[in-house]
Amino acid sequence: AFACADAIHAMGPHTVVITSLPNNGGGHAQGSNGESAGYVCLYGSTTMPQDDGLPQRFCIRSPIREGYYTGTGDLFAALLCGHTLQMGYGR
């Protein structure tokens, strides 16, 4: 995922977020029925200096929850966009 983020950075954007990538490496969560649940990952990367003066990358891994949750991607995009504008990163 970070190789993809690097390719996108090379096209110009200083901040890249990649969401909902399945990740079964590094272990599995136990579902309530005892079956292996797997994980979904969100990757973030920025070339903008952070508080320590360095670029930052991160991965957030969460167990997959079975079901269909309407609007979660739209909500995430709205919150990310709002925060980006509020912090002045879009300038």
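Summarised in this report is the structure supplied together with it. It should be emphasised that the depicted structure is a prediction, and the values quoted were computed from it without experimental measurement.

This part is about the overall build of the protein. In terms of regular secondary structure, the protein is built from two helices and three strands. When burial is assessed residue by residue, the protein has 16% of its 91 residues classed as buried. Expressed as a percentage of contacts within the protein between residues at least 6 apart in sequence, the contacts between residues at least 24 apart total 39%. Counting every atom, the protein has about 6700 Å² of accessible surface; 58% of that belongs to carbon and sulfur.

The next point concerns the sheet that holds strand S2 (residues 39-46). Read from one edge of the open sheet, three strands run S1-S2-S3, paired in antiparallel fashion. Two strands lie at the open edges of the sheet, namely strand S1 (15-23) and strand S3 (56-63), each paired on one side alone. On average, each strand axis in the sheet is inclined to that of its neighbour by 15 degrees, with strand direction left out of account. Across seven bridges, the pairing between S1 and S2 is antiparallel. When the bridges of S2 are listed, Val 17 appears paired with Gly 44.

Going through the model one piece at a time under the given rule, you end up with one salt bridge. Asp 6 is paired through a salt bridge with Arg 57; the nearest N and O atoms lie 2.0 Å apart. Placement of Asp 6 in helix H1 (residues 2-10) and of Arg 57 in strand S3 is noted, with a sequence separation of 51 residues between them.

Before going further, it helps to spend a moment on the nonpolar core. Grouped together as the largest cluster of nonpolar side chains are five residues: Ala 5, Val 16, Ile 18, Cys 41 and Tyr 43. Only S1 and S2 provide two or more residues apiece to this core. When neighbours within four sequence positions are excluded, Val 16 is seen to be in contact with Ala 5, Ile 8, His 9, Tyr 43, Gly 44 and Ser 45.

Thresholds applied
- Residues numbered from 1 in each chain as written.
- Predicted model: local features only at pLDDT ≥ 70, side-chain atom pairs only at ≥ 80, totals over all residues.
- Heavy atoms only, no water.
- Helix = DSSP H or I, 4+ residues; strand = E, 2+ residues; numbered from the N terminus.
- Buried < 20%, exposed > 50% of the residue type's maximum accessible area, 1.4 Å probe, protein only.
- Contact = heavy atoms within 4.5 Å.
- Areas by Shrake-Rupley, 256 points an atom, 1.4 Å probe, with all protein chains shown as cover.
- Pairing = 2+ DSSP bridges.
- Axes fitted to C-alpha atoms, helices over the stretch in contact; angles between N-to-C directions.
- Salt bridge = Lys/Arg side-chain N within 4 Å of Asp/Glu carboxyl O.
- Core = buried A, V, L, I, M, F, W, Y, C linked by side-chain atoms within 4.5 Å.

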